[in-house]
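Secondary and tertiary structure notes
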Amino acid sequence: MEEKQVKKRRIVLIPVPAQGHVTPIMQLGKALYLKGFSITVVQTQYNRVSSSQDFSDFHFLTIPDSLTDSDLHSLGALPFILKLNQVCEESFKHCFSKLVQEQGDDEIVCVVYDEYMYFSQAAAMAFQIPSVVFSTTSATAFVCRSVLSKVNAESFLLDMKDSQTQEKVFPGLDPLRYKDLPTSAFGPLESIIKLYYNAVNIQTASAVIINSASCLESSSLAWLQQKLQVPVYPIGPLHRAASASSSLLEEDRSCIKWLDKQKPSSVIYISLGSLALMQIKDMLEMAWGLSNSNVPFLWVIRPGSIPGSEWTESLPEEFHKLISERGYIVKWAPQMEVLRHPAVGGFWSHCGWNSTLESIGEGVPMICRPFTGDQRVNARYLESVWRIGVLLEGELDKRAVESSVKRLTVDEEGADMRKRAIELKEKLEASARNGGSSYSSLDNFVNSLTTP
Ligand code: UDX
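These figures come from a predicted structure and were not determined experimentally. (Residues numbered from 1 in each chain as written. Predicted model: local features only at pLDDT ≥ 70, side-chain atom pairs only at ≥ 80, totals over all residues. Heavy atoms only, no water.)

Remarks on the overall build of the protein chain
- Secondary structure assignment for the protein chain yields 19 helices and 13 strands.
- When its C-alpha atoms are laid out on the principal axes, the protein chain stretches across 75 × 55 × 45 Å.
- Looking at the protein chain as a whole, 57% of its 452 residues are labelled buried.
- For the protein chain, long-range pairs separated by at least 24 residues make up 71% of all intrachain contacts whose partners lie at least 6 apart in sequence.
- On the protein chain, roughly 19700 Å² of surface is accessible, and the fraction owed to carbon and sulfur atoms is 49%.
- Here the protein chain carries 44 positive and 51 negative side-chain charges, and the mean point of each set is 3 Å from the other. (Helix = DSSP H or I, 4+ residues; strand = E, 2+ residues; numbered from the N terminus. Buried < 20%, exposed > 50% of the residue type's maximum accessible area, 1.4 Å probe, protein only. Contact = heavy atoms within 4.5 Å. Areas by Shrake-Rupley, 256 points an atom, 1.4 Å probe, with all protein chains shown as cover. Lys, Arg positive; Asp, Glu negative; His and termini not counted. Charge placed at Lys NZ, Arg CZ, Asp CG, Glu CD.)

What follows is the structure in structure tokens.
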């Protein structure tokens, strides 16, 4: 008798080609793979993830986009994403139609796309396959995007130009002030509002997955659940659900050996993520503030992250001497391992959402120096909601740097923040364990795909 083939279930993932987006969507892919799904990753030619050991069973497909780093730099990140959506829609449709026709024993059960890759919806809809939005930012930042997608750009711009208004709490988003909203320097406000409008108006998506947990943002999650009219699954932090390495840059592990030689909780770790650019002037203020604080430091300086400078050559000779005594600089670090290291007592961060979750997940308090976009939202929450961060605002000045570093690593105030950070870490761990809220939410999502 002929044996009946058992159909496998396949999920198609569409990442934004940037580290802060690739990392969580690949972790999501790993978590779903561990639940028994086959995974196909459809990515752009620009900034492709290479298949590592963690994803050896994944299927990778590339769609052409003809975009380059210089497009990113000349357009700015948000107009770049708008362009990516334009150029990818047709090629994705073509690629997806082939996938559907050739699916064989692997039935495609849904397309999970990064919210900024909304071109994916059209193809999924054409083949009547459910599409699911994946948000790589906090639920609160998603709420902000929903609110901003509906503002009148002209009058909002006027409000934002007034320095007094900037300090005011935005109605309904307490404690976020106007200046904390994700209206970044990534592009003109009109592009931002257009992008937000396309990203959050999810008429055809059947669910939203958020890399967050209810112990961090219960009211923002409740707001989304009420407004979006589709199920919202908070299943974060994903690095707890499924660790998977998808670094686009090479990690320098020599810093772990250096950390091994430092005293417990004595080091400040500094990293500004994968995109932020820093002016030479600010880098020098940071360097002298660190020098005056007497606190050991591990500093990630990405090549090219300081316009006009290749790497560390703008740092003065005296500072290079200091590095050999009590500092270490790398181009890219194994961040999760660094944050987990007992020598690390604080994290100076740009407050990208992944870095924020990773730091909270290890109970490490932060110095918050946001640059753009959702980072300001995260920084404000770290400072005033979770109370585990020192927010460093305004002009960067070596005295403020010195005092923030000391407040976090030496003073009583820092010790209190560390206690609260450890309490939050324990809550996050509980939410990711069997029976916890994020664990159950992932199960509910999986069940929604298996039960018609
Ligand atoms: C950006 C936004 O800032 C972020 O808020 C948004 O949600 C996604 O896109 P990015 O600026 O790169 O991302 O910051 P972040 O979200 O913190 O992601 C950076 C990732 O790179 C983290 O997972 C971090 O662990 C990793 N990293 C960073 C390293 O592995 N090594 C490093 O040296 C620095």
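Continuing now.
Looking at the packing of helix 12 (residues 280–293) against helix 17 (residues 398–409)
- As a packed pair, helix 12 and helix 17 sit with axes 7 Å apart at the nearest point and diverge in direction by 50 degrees. Overall, the two elements helix 12 and helix 17 adopt an arrangement that is oblique. Helix 12 and helix 17 meet at a crossing whose hand is right-handed. Each of Glu285, Met286, Trp288, Gly289, Leu290, Asn292 and Ser293 in helix 12 lies in contact with helix 17, whose residues at this interface are Lys398, Val401, Glu402, Val405 and Lys406. (Axes fitted to C-alpha atoms, helices over the stretch in contact; angles between N-to-C directions. Parallel < 35°, antiparallel > 145°, perpendicular 65-115°, else oblique. Left-handed = near helix turned anticlockwise from the far one by under 90°.)

Considerations on the sheet that holds strand 8 (residues 267–271)
- The parallel open sheet is built from six strands, whose spatial order is 10-9-8-11-12-13. Two strands close off the open sheet at either side, each with one partner strand: strand 10 (327–330) and strand 13 (389–391). Adjacent strand axes in the sheet meet at a mean angle of 15 degrees when their direction is disregarded.
- Pairing of strand 9 (residues 297–300) with strand 10, which is carried by four bridges, proceeds in the parallel orientation. Within the sheet, the bridge partner assigned to Val300 lies in strand 10 and is Val330.
- Most of the contacts of helix 12 go to strand 9, to which it runs at about 165 degrees, and overall it touches strand 8, strand 9 and strand 11 (344–349). (Pairing = 2+ DSSP bridges.)

So, helix 8 (residues 189–200)
- Look at helix 8: 16 Å from first C-alpha to last across 12 residues, which is about the 16 Å you get at 1.5 Å a residue.
- Among all positions of helix 8, only Leu189, Ser191, Ile192, Ile193, Leu195, Tyr196, Ala199 and Val200 are buried. (Expected span 1.5 Å × (residues − 1).)

Details of the site of the ligand
- By nearness alone, 21 residues border the ligand, and Ser274, Ala333, Ser355, Glu358 and Asp374 come closest of all.
- Note that an oxygen atom of the ligand is positioned 3.4 Å from one of the backbone N or O atoms of Thr136.
- The separation between an oxygen atom of the ligand and a polar side-chain atom of Asn354 is 2.8 Å.
- The protein chains hide 95% of the 660 Å² of surface that the ligand would expose on its own.
- Mapped onto the shell around the ligand, the elements with two or more residues apiece are helix 1 (19–34), strand 8 and helix 15 (353–361).
- Of the residues belonging to the shell around the ligand, the class tally is five nonpolar, 14 polar and two charged.
- There are two domains that each give the shell around the ligand at least three residues, and those are domain 1 (8–243 + 435–450) and domain 2 (254–429). (Near = heavy atom within 4 Å. Polar contact = N/O pair within 3.5 Å; in protein donor to acceptor, adjacent residues only side chain to side chain. Nonpolar A, V, L, I, M, F, W, Y, C, P; charged D, E, K, R; others polar. Domains from an automatic or database assignment.)

Digging into the pairing of strand 5 (residues 131–135)
- Burial analysis of strand 5 places five of its five residues in the buried class, which makes it a mostly covered element.
- Side chains Ser131, Val133 and Ser135 of strand 5 all project onto a buried face; the interleaved residues Val132 and Phe134 project onto the opposite face, where all are buried too.
- Bridge count for strand 4 (residues 106–114) against strand 5 is four bridges, and the pairing is parallel. Note on strand 5: the bridge partner recorded for Val111 is Ser131.

A word on the pattern of salt bridges
- Here the structure, examined in full by the defined rule, presents 24 salt bridges.
- Residue Asp106 is joined to Arg10 by a salt bridge in which the shortest nitrogen-to-oxygen separation is 2.4 Å. Of this pair, Asp106 sits in strand 4 while Arg10 sits in strand 1 (residues 8–14); the two residues are 96 residues apart in sequence, bridging distant segments of the chain.
- Judged by relative accessible area, which is 11%, Asp106 ranks as buried.
- Residue classification places Arg10 among the buried residues on the basis of a relative accessible area of 14%. (Salt bridge = Lys/Arg side-chain N within 4 Å of Asp/Glu carboxyl O.)

Considering empty space enclosed by the protein
- On inspection of all chains with the given rule, the structure shows three cavities of 30 Å³ or more.
- Counted as a void, the largest cavity has a volume near 100 Å³.
- Taken together, Ser271, Leu272, Gly273, Ala276, Met278, Met283, Trp299, Val300, Ile301, Arg302, Ser305 and Ile306 make up the lining of the largest cavity.
- Its residues placed into classes, the lining of the largest cavity shows eight nonpolar, three polar and one charged. (1 Å grid on protein atoms, 1.4 Å probe; cavity = no way out; pocket = protein on both sides within 12 Å on 5 of 7 lines; lining within 4 Å. Points joined across faces, edges and corners; volume = space filled by probe spheres on them.)

Things to note about the domain arrangement of the protein chain
- We note that the domain assignment places domain 1 (8–243 + 435–450) and domain 2 (254–429) within the protein chain.
- Relative to domain 2, the C-alpha centre of domain 1 lies at a distance of 27 Å.
- Regarding the contact of domain 1 and domain 2, the summed buried area is about 2500 Å², with carbon and sulfur atoms giving 63% of it.
- Of all residues in domain 1, Leu216, His239 and Arg240 give up the largest surface area on contact with domain 2, accounting jointly for 24% of the area buried on that side.
- Counting the contacts that link domain 1 with domain 2 gives five salt bridges.
- The shortest N-O distance in the salt bridge between Lys179 and Glu393 comes to 3.4 Å.
- Where domain 1 packs against domain 2, one counts 10 residue pairs in polar contact (both at pLDDT 80 or more).
- Elements supplying a minimum of two residues to the side of domain 1 that touches domain 2: helix 1, helix 5 (139–148), helix 9 (214–228) and helix 10 (238–241).
- If one sorts the elements of the side of domain 1 that touches domain 2 by residue count, helix 9 sits on top with four residues. (Buried area = accessible area lost by both parts, 1.4 Å probe.)

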